[in-house]
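Take a look at the letters that make up each chain.
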Amino acid sequence: MGFMNKVALAVAPAWAARRERSRLVAMHYRAARLGQRSDSLRPTNSDANVAGQARQRVSQYMRDLVRNAPFAARAQAVIANNVVGDGIIPKVTMNAQVADRDLGQRLKDRGMHHIETSLDTVHIDKKGLQNLYGLQRQVINTVVESGEALIRRHKLPVENGAGLPLKIEVLEPEYLDSGRMWAGEGENIVRDGIEYDPVGNRVAYWLFSQHPGGEFVPSKSQITSVRVPADEIIHVFRPDRPGQDRGMSWLAPVAEKMLMLDDYEDAQLMRQRIAACFAAFRKTGPDAKASPEISKTLVPGTIVDIGPEEDVVFAAPPTASGDDQFKGTILRGIAMGLGISYEALTGDLSGVNFSSARIGRLEMDRNVSSWQWLMMVPQMLQPLGGWILEAWAEYEAQTREVKDLPLGDFIDGGGLVLTWVPPVRLMIDPSGEFAAFNTAVRSGFMSRQGVVRTTGIDPERLMQEQYQDMREADELGLIFDSDPRKDISRQILSEQTERARNE
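Residues numbered from 1 in each chain as written. Predicted model: local features only at pLDDT ≥ 70, side-chain atom pairs only at ≥ 80, totals over all residues. Heavy atoms only, no water.

Draft legend 1. The sheet that holds strand 2 (residues 148-155), seen in detail. Taken together, the three strands give an open sheet; going across it, the order is 3-2-8, and neighbouring strands pair in antiparallel fashion. Each of the sheet's edge strands pairs with one partner strand only, and the pair in question is strand 3 (166-171) and strand 8 (233-237). Each adjacent strand pair in this sheet contributes to an overall mean axis angle of 20°, direction not counted. Taken together, the six bridges between strand 2 and strand 3 define a ladder with antiparallel strand orientation. (Pairing = 2+ DSSP bridges. Helix = DSSP H or I, 4+ residues; strand = E, 2+ residues; numbered from the N terminus. Axes fitted to C-alpha atoms, helices over the stretch in contact; angles between N-to-C directions.)

Dropping the structure here:
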């Protein structure tokens, strides 16, 4: 109650009470009373960072859930397969203002050489196990499971023929010293292991030298963290709230349903197993020797002798019906909470036709596209592209393997950048979708390059491959229906058009 309302209550209580009652009626929201109806809701005014203080505990639970619950592992795989797939591929792009096309092509060819030798191989991985695209998958898996992932840059000495002087390392969020909550260098402050300057910019990360939950290595301290400049770290997470500094597991909203569904399936499996344990009990005669104590468990097909005074009573649990419908309802809620389709989560296509499958896939594709272009590309790949260009410029400057290549000028001036092409999007109806693409290009609603990028293919590389195919086919005297120059119907139409013009 405000100050004026208190004054009015002291001077004219009846009028103030009517005024307050009218105000409450006009501003009534049932949602404001939900906390009184459900103990599971915890209404607070905490910001995103205070609300996420239990992220480490949540991360540990979710990691165990992925290890043991099949639908959690499946959900993680579906998101990774659609967001990253075989990899979000880098492409060397020249600014349209670059006039020297020959020089631009030389730069592209040189960039492609480094992509194929350093990024498409395990050279880029500090541990030497994954190429760039495998590391992308590690990142998205960690983000889904733990809510965030860290990527650390490691610079190498430049050597001729050794590839780019760059390696990266994907780290789980446990490497971040969340216990550091005091002042940093100068006037900087540290929150959750991240150091900020007075303006609020990230300037450093405090990282452990090894995983706090790993085996003890005597040469490294698991307790003391070291300060790593922010330009050596890439922090990837999905910022769902304004002011959010760290991420939360994507499985958190559906974890309880997943766990209870897994327990329910175990109970159903045990129920069917018990139902299959048909056993026969034979009562012996009065002079027969009594059987030993019956085991606490039954094996299917068991025949047990019991004495004449012994009896066995079985429980008759109620029959559970509608199992498939119940599970389907729960799984649809889980899929909806994760932003993927029910069919992708379960592989169940029993109630699907072409139209419903396409509509469900389109909605899921929107989510996948937002995860690619609002998280993976701006948070991970664009900063990583800057690291790659920096390492490329350093390599060319020191090795001089290619002369007269002013790479540094183009990078500093913004004439050369790395763009990223998402993975191939699988089509539900290729013939119908390609026909629609053809119509869109012919009518001018889409460009040919735009259509090619939609399928997850690099248009420039496609053109080069098409040119190579046509040149080699001409050299060998081969004729293919895919070559429009060999299409007889087009040749006849062209001849008729030319004859009509001459007449």
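Next comes the rest of the write-up.
Draft legend 2. Representation of the pattern of salt bridges. Per the stated rule, a full pass over the model turns up 17 salt bridges. For glutamate 390, the salt bridge is made with arginine 153, and the minimal N-O distance between the two is 3.3 Å. On the criterion of sequence distance, the pair formed by glutamate 390 in helix 12 (residues 354-399) and arginine 153 in strand 2 is long-range, its members being 237 residues apart. Overall, glutamate 390 belongs to the partly exposed group, its relative accessible area being 39%. Residue class for arginine 153 comes out buried when judged on its relative accessible area of 8%. Between aspartate 240 and arginine 238 there is a salt bridge, and its shortest N-O distance comes to 2.9 Å. Arginine 238 sits in the partly exposed class, given a relative accessible area of 26%. By sharing partners, the salt bridges in this structure join Arg63, Glu145, Glu172 and Glu174 into a single network. (Salt bridge = Lys/Arg side-chain N within 4 Å of Asp/Glu carboxyl O. Buried < 20%, exposed > 50% of the residue type's maximum accessible area, 1.4 Å probe, protein only.)

Draft legend 3. Representation of the nonpolar core. In this structure, Ile140 and Ile340 are the most contacted members of the largest nonpolar core, which totals 69 residues. Top element by residues in this core is helix 12. It accounts for 15 residues. Beyond its immediate chain neighbours, meaning those up to four positions away, isoleucine 140 contacts Ile79, Ala80, Val83, Val84, Trp250, Met375 and Met376. Judged by nonpolar contacts, the second largest core, of eleven residues, contains Tyr196, Leu207, Val228 and Ala230. (Core = buried A, V, L, I, M, F, W, Y, C linked by side-chain atoms within 4.5 Å. Contact = heavy atoms within 4.5 Å.)

Draft legend 4. Region of the structure containing the packing of aromatic side chains. Counted according to the given criterion, the structure contains three aromatic pairs. An angle of 65° between the planes, with centres 5.0 Å apart, marks the rings of tyrosine 264 and phenylalanine 326 as edge-to-face. Here tyrosine 264, found in helix 9 (residues 255-275), pairs with phenylalanine 326, found in helix 10 (residues 323-338); they are 62 residues apart in sequence, far enough to count as distant. A cation sits over an aromatic face here: arginine 238 above tryptophan 250, 4.4 Å from the ring centre. The lysine or arginine in question, arginine 332, covers the ring of tyrosine 342, its NZ or CZ lying 4.2 Å from the ring centre. (Phe/Tyr/Trp six-rings, centres within 6.5 Å; stacked < 30°, edge-to-face > 60°. Lys NZ or Arg CZ within 6 Å of the ring centre and 35° of its normal.)

Draft legend 5. Up close: helix 8 (residues 132-146). Compared with the 21 Å implied by 1.5 Å per residue over 15 residues, the 21 Å span of helix 8 between its first and last C-alpha is a close match. Taking burial as the measure, the 15 residues of helix 8 include twelve buried ones, the bulk of the element. Buried residues of helix 8: Leu132, Tyr133, Gly134, Leu135, Gln136, Val139, Ile140, Thr142, Val143, Val144, Glu145 and Ser146, and no others. A positive backbone phi angle near 95° is found at glycine 147, which sits one or two residues after helix 8. (Expected span 1.5 Å × (residues − 1).)

Draft legend 6. The layout of surface pockets, seen in detail. Approximately 930 Å³ is the volume found for the largest pocket. Elements supplying a minimum of two residues to the lining of the largest pocket: helix 6 (70-83), helix 11 (342-346), helix 12 and helix 15 (448-454). For the lining of the largest pocket, a count of residues per class yields 15 nonpolar, eleven polar and nine charged. (1 Å grid on protein atoms, 1.4 Å probe; cavity = no way out; pocket = protein on both sides within 12 Å on 5 of 7 lines; lining within 4 Å. Points joined across faces, edges and corners; volume = space filled by probe spheres on them. Nonpolar A, V, L, I, M, F, W, Y, C, P; charged D, E, K, R; others polar.)

Draft legend 7. Molecular detail of the environment of histidine 114. Examined against the element boundaries, histidine 114 turns out to sit in helix 7 (residues 101-119). Here histidine 114 falls in the buried class, since its relative accessible area comes to 3%. It is 9.4 Å that separates the C-alpha atoms of histidine 114 and isoleucine 388, two residues lying 274 residues apart in sequence. Those residues in contact with histidine 114 that sit more than four places away from it in its chain are Leu119, Leu164, Trp392, Tyr395 and Glu396.

Draft legend 8. The environment of serine 443, seen in detail. Checked against the element boundaries, serine 443 lands in the loop between helix 14 (430-442) and helix 15. By relative accessible area, serine 443 is classed as partly exposed at 39%. Of the polar contacts made by the side chain of serine 443, one reaches the backbone oxygen of threonine 439; its length is 2.8 Å. (Polar contact = N/O pair within 3.5 Å; in protein donor to acceptor, adjacent residues only side chain to side chain.)

Draft legend 9. Summary view of the pairing of strand 3. Within strand 3, six of the six residues are buried, which leaves it mostly tucked inside the rest of the structure. Residues Leu166, Ile168 and Val170 point to one face of strand 3 and Lys167, Glu169 and Leu171 to the other, with burial holding for every one of them.

Draft legend 10. Summary view of the packing of helix 8 against helix 12. Their axes nearest at 12 Å, the elements helix 8 and helix 12 cross at an angle of 140°. Judged on the interaxial angle alone, helix 12 and helix 8 are oblique. In the crossing of helix 8 with helix 12, the sense of the turn from one axis to the other is right-handed. Seen from helix 8, the contacting residues are Leu132, Gln136, Val139, Ile140 and Val143; seen from helix 12, they are Met375, Met376, Met380, Leu381 and Leu384. Of the residues that constitute the contact of helix 8 with helix 12, the class distribution is nine nonpolar, one polar and no charged. (Parallel < 35°, antiparallel > 145°, perpendicular 65-115°, else oblique. Left-handed = near helix turned anticlockwise from the far one by under 90°.)

Draft legend 11. Up close: the packing of helix 6 against helix 8. The contact between helix 6 and helix 8 brings their axes to 9 Å, and the two run at 140°. Relative to helix 8, the element helix 6 lies oblique. The handedness of the crossing between helix 6 and helix 8 is right-handed. Mapping the contact onto sequence places Gln76, Ala77, Ile79, Ala80, Asn81 and Val83 in helix 6 and Arg137, Ile140, Asn141, Val144 and Glu145 in helix 8. Looking at the contact of helix 6 with helix 8 residue by residue, the classes come out as six nonpolar, three polar and two charged.

Function cannot be inferred from these measures alone, as they are strictly geometric.
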